[in-house]
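Understanding the architecture of this molecule
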Amino acid sequence: FTLFLILTYLVLPVTSGKIFSVFRCETYDYGGGTERHFLVVDHQIECFDEPFGGDHNQTYGWLAVYATIQIFIYPIGIPALYTFLLWEARGMLATDELLEAKSYSKFFFSDS
């Protein structure tokens, strides 16, 4: 279980960045008031305001849906898991030994 926590801790920042990159689109002006929006990480995928609207291919729509689901799993879910685990272990973490060790380090935080 410890290996799982370490792995999720290491994977979380990179995975979260990749998930949110689905919503980064770049606009290109084709002249005559025509603009097209493409995904920054893959310029073959065209972004649009309504993910499933129009005659566009459905790739961006499905990517947006998948990324939204993944946001609840990674950037929200993993920190929520850590919070839950720490909350459950709060009694064990607040032992007398830990509190005594904390009192020895008070001089690091004193004002004088």
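Structural data are supplied above this passage.
Report on the accompanying structure. Given the structure is predicted, the values throughout are model-derived calculations rather than measurements.

Turning our attention to the sheet that holds strand β2 (residues 35-39). Here we have three strands laid out as an open sheet, ordered β1-β2-β3, and antiparallel in their pairing. At either end of the open sheet lies a strand with only one pairing partner, and these are β1 (25-29) and β3 (42-47). Going across the sheet, the axis of each strand differs from the next one's by a mean of 45°, ignoring polarity. Two strands pair when backbone bridges link them, and β1 and β2 are joined in this way by five bridges, in the antiparallel orientation.

What follows deals with the pairing of β3. Looking at chain direction, β2 and β3 are connected through three bridges and run antiparallel. Counterpart to Phe38 in the pairing with β3 is Glu46. Hairpin geometry of β2 and β3 is characterised by an intervening segment of two residues between the two adjacent antiparallel strands.

Calculation notes
Residues numbered from 1 in each chain as written. Predicted model: local features only at pLDDT ≥ 70, side-chain atom pairs only at ≥ 80, totals over all residues. Heavy atoms only, no water. Pairing = 2+ DSSP bridges. Helix = DSSP H or I, 4+ residues; strand = E, 2+ residues; numbered from the N terminus. Axes fitted to C-alpha atoms, helices over the stretch in contact; angles between N-to-C directions.

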